[in-house]
Amino acid sequence: KEHEKASYIFISWSVADIMDNHWHTESDTTFLTNLFHVCFACSSYHLSERLINRVIDIQKDPDNGFPVLELAYSYRNKIDLLLHFDRANEAADLLEIIEKLFDDNNIPTEERNILDYQYGVLYQVRADYPKSRTYFQNCIDLAMSEDEENNADLAVAYSNMGRMLVDAGEYVEAYDYIKQ
């Protein structure tokens, strides 16, 4: 699907340039988030960061009444962007903000599992492979517990574990995960 997104990037740039500083409402966040994903997939990272920052600003405004999980999802998007550029300290700061949001709003443990992937990548970037492995294993376990015949989440979870193991120099074990 990435090649399909790429064909829209020029439209996305034009819209973003024209509408810069005109995004202020709840209804804008869906479009801006989708545009963030398109720009991220097409390697327009500077624009991606501006877009996700705008989404977060809109969602943080208490007058807009966004659910905590939507704001957490937007922070996760920003964390993915930061980790893509090894900006682990900034990503860790955002993870702390999300954890505080979850604590302040009594978000149950099963909802908090959405952060396992980001923690896995964070510790991979920091070369703390044992911690990274724990979080990626949580992703695998969660994907295995889902009742789906064609479980794309499980394939992605195995691939993520494999990538981390390659970084850790565990090539044989990485191969075992990747071939699953």
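In the block above lies the structure referred to throughout.
What counts and how
Residues numbered from 1 in each chain as written. Predicted model: local features only at pLDDT ≥ 70, side-chain atom pairs only at ≥ 80, totals over all residues. Heavy atoms only, no water. Helix = DSSP H or I, 4+ residues; strand = E, 2+ residues; numbered from the N terminus. Buried < 20%, exposed > 50% of the residue type's maximum accessible area, 1.4 Å probe, protein only. Areas by Shrake-Rupley, 256 points an atom, 1.4 Å probe, with all protein chains shown as cover. Contact = heavy atoms within 4.5 Å. Polar contact = N/O pair within 3.5 Å; in protein donor to acceptor, adjacent residues only side chain to side chain. Salt bridge = Lys/Arg side-chain N within 4 Å of Asp/Glu carboxyl O.

Q: Sorry if this is basic, but what is going on with the overall build of the chain here?
A: Helix and strand counts for the chain come out as 11 helices and zero strands. Secondary structure elements of the chain, listed N to C terminal, follow the sequence α-α-α-α-α-α-α-α-α-α-α. For the chain, buried positions account for 39% of its 180 residues. Element-wise, carbon and sulfur atoms account for 51% of the exposed surface of the chain, whose accessible area totals about 10500 Å².

Q: Looking at this model, I keep getting lost on unusual backbone geometry. Mind explaining?
A: It is generally the case that most residues other than glycine have a negative phi and that most peptide bonds are trans. Although it is not a glycine, Ser43 sits at a positive phi angle of roughly 65 degrees. Even without being glycine, Asp86 reaches a positive phi, approximately 55 degrees. By the element assignment, Asp86 lies in the loop between helix H5 (68-84) and helix H6 (88-104). The exposure class assigned to Asp86 is exposed, which follows from its relative accessible area of 55%.

Q: It is not clear to me how the environment of Cys139 should be interpreted in this structure. Could you clarify?
A: Turning to its location among the elements, Cys139 is positioned in helix H9 (residues 129-145). It is 5.9 Å that separates the C-alpha atoms of Cys139 and Ala157, two residues lying 18 residues apart in sequence. Setting aside chain neighbours within four positions, we find Cys139 in contact with Asp116, Tyr117 and Ala157.

Q: Please clarify how the environment of Asp28 should be interpreted in this entry.
A: Among the secondary structure elements, Asp28 is positioned in helix H3 (residues 26-41). Sequence separation between Asp28 and Val55 is 27 residues; the distance between their C-alpha atoms is 8.1 Å.

Q: Mind showing me how you'd approach the side chain of Asn160 here?
A: By the element assignment, Asn160 lies in helix H10 (residues 152-167). Judged by relative accessible area, which is 7%, Asn160 ranks as buried. A polar atom in the side chain of Asn160 sits 3.1 Å from the side chain of Arg163. With sequence-adjacent residues up to four places away left out, Asn160 is seen in contact with Tyr117 and Phe136.

Q: Is there a simple way to think about the pattern of salt bridges in this case?
A: It is possible for side chains of opposite charge to pair when their charged atoms get near one another. Taken as a whole and judged by the stated rule, the model has nine salt bridges. Note that Lys179 is salt-bridged to Asp176, the shortest N-O span being 3.9 Å. Taken as a pair, Lys179 and Asp176 lie in helix H11 (residues 171-179) at a separation of three residues, close to a single helical turn. Since its relative accessible area comes to 55%, Lys179 is described here as exposed.

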